[in-house]
Amino acid sequence: VEDALASMSAKVAGVGDQIAALKAGSVGRSIDPATAVKLTDYLRQHGSYRVIVSCVPNDVEAYGYATQLIGILKAGGWDALGPEITANVLEGAAMGVTVLIRDPTAPDAAKILLDALNQSNIPHQPGISANDAIPDTATAELFVAKKP
């Protein structure tokens, strides 16, 4: 009986660990208020640029994170559009955002965004748009992928 109880207790503890891991994985991405203020202040000091914020289709979590980014960009005085579903859907999941540009000559908006994300410790990576989804060379796109 003692062996059976010990075995059952171990199984219950294992299930508890699995539940904790699932809960941790279901938490959506977000930017804490202090970081949002820091990011807003940084963007505001560099003027106003146009940026399109997009996300992977049919993903509520990615849409929520994209919406938060738009709010921060607008608070920083930027012309932020979206969230839009994009033709720039990248393969695979990613915790961070991808700063996309239309051609290899990075516009000022992309450089400022990359610096702002670096300084705020927000996961990101640069990228080149796979098509003409970005309307002009001065506009950057922030793409929010599916969370891993």
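Read on for an overview of the structure. Quantities reported herein were computed from a predicted structural model and do not represent experimental measurements.

### Some details on the pairing of strand β1 (residues 50-55)
Counted residue by residue, β1 has 5 buried out of 6 residues, so it is predominantly covered. Pairing geometry for β1 and strand β2 (residues 79-85), over 5 bridges, is parallel. Counted as the bridge partner of Arg50 is Asp79 from β2. Running through helix α3 (residues 60-75), the crossover from β1 to the neighbouring parallel element β2 is right-handed.

### A look at unusual backbone geometry
In this structure, the amide linkage connecting Gly82 to the following residue, Pro83, adopts the cis form with an omega of 0°. Structurally, Pro83 is set in strand β2. Of note in this structure, Asn58 is not a glycine but carries a positive phi near 60°. Summarising the element assignment, Asn58 is placed in the loop between β1 and α3. A relative accessible area of 82% places Asn58 in the exposed class. Even without a glycine there, the phi angle at Asn121 is positive, about 55°. By the secondary structure assignment, Asn121 is in the loop between α4 (108-119) and β4 (124-128).

### Focus: the nonpolar core
Ranked by internal contacts, the top residues of the largest apolar core, which has 36 residues, are Leu43, Val51, Leu73, Trp78, Leu113, Leu142 and Val144. Here this core gets 7 residues from one element, more than from any other, and that element is α3. For Leu73, the residues in contact, after removing those within four places along its chain, are Leu43, Val51, Val53, Trp78, Ala80, Leu113 and Leu142.

### Comments concerning helix α2 (residues 33-44)
Between the first and last C-alpha of α2 there are 16 Å, a value that for 12 residues agrees with the 16 Å anticipated at 1.5 Å per step. Along α2, the residues classified as buried are Thr35, Ala36, Leu39, Thr40, Tyr42 and Leu43. Looking down the long axis of α2, one finds its buried residues gathered within 165° of arc, a one-sided arrangement. Turned more than 90 degrees from where α2 packs its buried face, Pro33 and Ala34 sit exposed.

The rules behind these values
- Residues numbered from 1 in each chain as written.
- Predicted model: local features only at pLDDT ≥ 70, side-chain atom pairs only at ≥ 80, totals over all residues.
- Heavy atoms only, no water.
- Buried < 20%, exposed > 50% of the residue type's maximum accessible area, 1.4 Å probe, protein only.
- Helix = DSSP H or I, 4+ residues; strand = E, 2+ residues; numbered from the N terminus.
- Pairing = 2+ DSSP bridges.
- Right-handed = clockwise from strand over helix to strand, strands pointing away.
- Core = buried A, V, L, I, M, F, W, Y, C linked by side-chain atoms within 4.5 Å.
- Contact = heavy atoms within 4.5 Å.
- Expected span 1.5 Å × (residues − 1).
- Arc of directions from axis to C-beta.

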